[in-house]
Amino acid sequence: MATNQSVRFESESHLHCVMCFIAGQSGEKIVSIYPHRKPQPKASVKEPPAQTPVNPGLCSKPTLTSMPNQGFGFGKEQTEFDIDLGMLAYVFKTQEIACNDGFDMKINTQRFVGYPKTWKTRGGCTNYQVMIVFALKQGCDQHTASAYQTLSNKIAVSLVMLQNYFGFLEREDKWADMADNMTEPLREFAKTSFIVNPLMDMYDEVRKRGNIHKYLINFVELGFCDEAHALSRLNVVPKGRQDIDDIIRKMKPYHGILLLEDVWPTPDANPIVAKLLSHCSPDRSILDMSTASGIPIFEVFMIIRHLLQWTRAILIYPLCNTNIYTSATSPQPLDKMAEKFAAQFGTTIHLAAGLSHFNPPKTLETFIRPNLPLHEQGVRAKLVVALLRHQMLMQLHQFYYILKPYSNAELPKPKEECPDELKQIIAKSALPHDVRKVVADICGSMLETTAYSSVKRKLTLLVKCAPMMDGNYHLEDIKYKNNLDRAEIEDVFKSFELVIATFRRPDFVAE
């Protein structure tokens, strides 16, 4: 089953093959193509039988003959694209003025992208070219093509830098000339080249994982992510760059992150990243992580932006006992997910049983149940994290409207009128006109049992929050933007619940 899933995932990748093009002192060559798929054999066509001339004494026209072409060299290698490598190399060679810019070409049904760069021999003045070419499948969008162009640029820049250090491309070009005289040039060049194996590894990693993080020639660090492909592998709803940018713009300090994999940076990576990840947990907000790690919140935002764009994390709300969760409309097949949950939880809990706990919606505290044994509580907490990670669970948030009470509502009947000061606050507010009288009566009724200063404080907070009580802001957002305490603002809304309509739905920024 796992093998079938891996094959299916690889078939979803847009990457078809990778090639290395070098134009050196002896001309242009494609010195590496992986995987090298030979053309499909074509059905043989029977030649029509020779016709006997009407006049037996008339000889048939002579046919032109030519010497057979040389049967070896890079250029003679046939490909699945109905064109040999020699012709592809001729097509890929770019005018020098167009180098250092994206290359995008379609031949038949195949799309080829790259980023040509120029290089020079040490001490020389002639410009040559190098380009890593990616063949992409049909249906590839422009964003994905641009991403592979960027990867081509990164690899080419690395190769040129290595050339400037110790003549890397000069040596590769010489080895290519030697292999060009062999009957199997691609295989012979792969024996000596330092380019071929890294490109093969990159191809395999992108097809299997959707991203790359490795060192080229153990010297230059490279990173790349095919976002939609990587997210599909992690069973997360694919999001394009525009979607991720929208999420990042709306991200607030009260949000949290959930790592999709236990991925840690390389030892030579920025130590601040490792420090932040050591303080990262599902029950901590971005602000909490900043405070605990001592990293300025601006830097925390930048690191989280990086994690989101490289499919290392998703945005969530920190786990809290009062959080309300319900089963999500997941696009992932449940049978596939059931196998993943069985691998993680064994026979302890089944995916269907876990999802059923949240239908109808339930608070985290009700699900974990503090009266259960600690081990059982831990299993249930891990189940919630796993469901959130695979976007099979979503959190419901409380949203608010200010509305006129329904017709048979029991309206307050204060013994005394609302004081003028409070009436002035109501008159200058953004409260709808049809609720102002009711709000004033509520204040008058509260004054019978509550101190004047407390009633004024509650009214002031209601007026302050009123512009955000239009169904577009949930409690967390109202609390954050008005710098208020949760318990206090919940008490205010409870006091004026007669004119407040509440409803729950997900916050689609995070979900």
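Residues numbered from 1 in each chain as written. Predicted model: local features only at pLDDT ≥ 70, side-chain atom pairs only at ≥ 80, totals over all residues. Heavy atoms only, no water.

Going by the annotation in an unreviewed UniProt entry, the name recorded for the chain is GATOR complex protein NPRL3, with Caenorhabditis nigoni given as the source organism. UniProt lists a comment for the chain under the heading Sequence similarities (unreviewed entry), and it reads "Belongs to the NPR3 family." Word for word, the UniProt comment on the chain under Function (unreviewed entry) is "As a component of the GATOR1 complex functions as an inhibitor of the amino acid-sensing branch of the TORC1 pathway." (UniProt positions renumbered as here; feature names shortened; annotations may be inferred.)

A. Inspection of the overall build of the chain at higher detail. When helices and strands are tallied, the chain shows 20 helices and 15 strands. Out of the 511 residues belonging to the chain, those deemed buried represent 45%. Considering only intrachain contacts with a sequence separation of at least 6, the fraction spanning at least 24 residues in the chain is 69%. When the accessible surface of the chain is split by element, carbon and sulfur atoms take 53% of a total near 27,600 Å². (Helix = DSSP H or I, 4+ residues; strand = E, 2+ residues; numbered from the N terminus. Buried < 20%, exposed > 50% of the residue type's maximum accessible area, 1.4 Å probe, protein only. Contact = heavy atoms within 4.5 Å. Areas by Shrake-Rupley, 256 points an atom, 1.4 Å probe, with all protein chains shown as cover.)

B. Inspection of the layout of surface pockets at higher detail. One number sums up the size of the second largest pocket: a volume of about 400 Å³. Residue lining of the second largest pocket: 20 residues in total, with Gln-398, Tyr-400, Leu-475, Arg-486 and Glu-490 positioned closest to the centre. Those elements that provide at least two residues to the lining of the second largest pocket are β13 (393-402), α19 (475-481), α20 (486-495) and β15 (500-505). When residues of the lining of the second largest pocket are assigned to their parent elements, the largest contribution, 5 residues, is made by β13. Its residues placed into classes, the lining of the second largest pocket shows 6 nonpolar, 8 polar and 6 charged. (1 Å grid on protein atoms, 1.4 Å probe; cavity = no way out; pocket = protein on both sides within 12 Å on 5 of 7 lines; lining within 4 Å. Points joined across faces, edges and corners; volume = space filled by probe spheres on them. Nonpolar A, V, L, I, M, F, W, Y, C, P; charged D, E, K, R; others polar.)

C. Structural view of the pairing of strand β11 (residues 324-327). One ladder, built from 2 bridges, connects β11 with strand β12 (residues 362-363); its direction is antiparallel. When the bridges of β12 are listed, Tyr-325 appears paired with Lys-362. In this sheet, β13 lies alongside β11 in antiparallel orientation, the contact comprising 4 bridges. By the bridge assignment for β13, Ile-324 is matched with Leu-396. (Pairing = 2+ DSSP bridges.)

D. Local environment of the pattern of salt bridges. This structure, assessed with the given rule, holds 15 salt bridges. Between Asp-441 and Lys-437 there is a salt bridge, and its shortest N-O distance comes to 2.8 Å. Linking Asp-441 with Lys-437, this pair stays in helix α17 (residues 433-446), spanning 4 residues, or about one helical turn. Residues participating in the shared-partner salt-bridge network are Glu-476, Arg-486 and Glu-490. (Salt bridge = Lys/Arg side-chain N within 4 Å of Asp/Glu carboxyl O.)

E. Region of interest: helix α3 (residues 142-166). The end-to-end C-alpha separation of α3 is 36 Å, in line with the 36 Å expected for 25 residues at 1.5 Å each. Gly-167 sits one or two positions beyond α3 and adopts a positive phi of about 65 degrees. (Expected span 1.5 Å × (residues − 1).)

F. Structural context of the nonpolar core. Met-19, Leu-88, Phe-92, Phe-112 and Phe-134 are the most contacted members of the largest nonpolar core, which totals 55 residues. For Phe-92, the residues in contact, after removing those within four places along its chain, are Met-19, Phe-21, Ile-30, Phe-103, Phe-112, Met-131 and Val-133. Counting 31 residues, the second-largest nonpolar core is a separate cluster that includes Cys-443, Val-455, Leu-461 and Leu-475. (Core = buried A, V, L, I, M, F, W, Y, C linked by side-chain atoms within 4.5 Å.)

G. Examining helix α6 (residues 196-209) more closely. Taking 1.5 Å of rise per residue, 14 residues should cover 20 Å, and α6 covers 20 Å from first to last C-alpha, within 8% of that figure. Three or more residues of α6 are buried, namely Val-196, Pro-198, Leu-199, Met-202, Tyr-203, Val-206 and Arg-207. One or two positions beyond α6, positive phi appears at Gly-210, with a value near 90 degrees.

H. Focus on the packing of helix α4 (residues 168-179) against helix α5 (residues 185-192). The interhelical angle for the contact between α4 and α5, taken along N-to-C directions, is 145 degrees, at an axis separation of 9 Å. Between α4 and α5 lies a crossing of right-handed hand. Contact with α4, carried on its side by Glu-172, Trp-175, Ala-176 and Ala-179, involves Pro-185, Glu-188, Phe-189 and Thr-192 of α5 and no other residues of that element. Of the residues assigned to the contact of α4 with α5, the class counts are 5 nonpolar, 1 polar and 2 charged. (Axes fitted to C-alpha atoms, helices over the stretch in contact; angles between N-to-C directions. Left-handed = near helix turned anticlockwise from the far one by under 90°.)

I. Up close: the pairing of β13. Burial analysis of β13 places 8 of its 10 residues in the buried class, which makes it a mostly covered element. In the sheet, β13 pairs with β15 via 6 bridges, with the strands oriented antiparallel. In the strand pairing of β15, Gln-398 is matched with Arg-504. Across 2 bridges, the pairing between β13 and strand β14 (residues 470-474) is antiparallel. The residue of β14 that forms the bridge with Tyr-401 is Asp-470.

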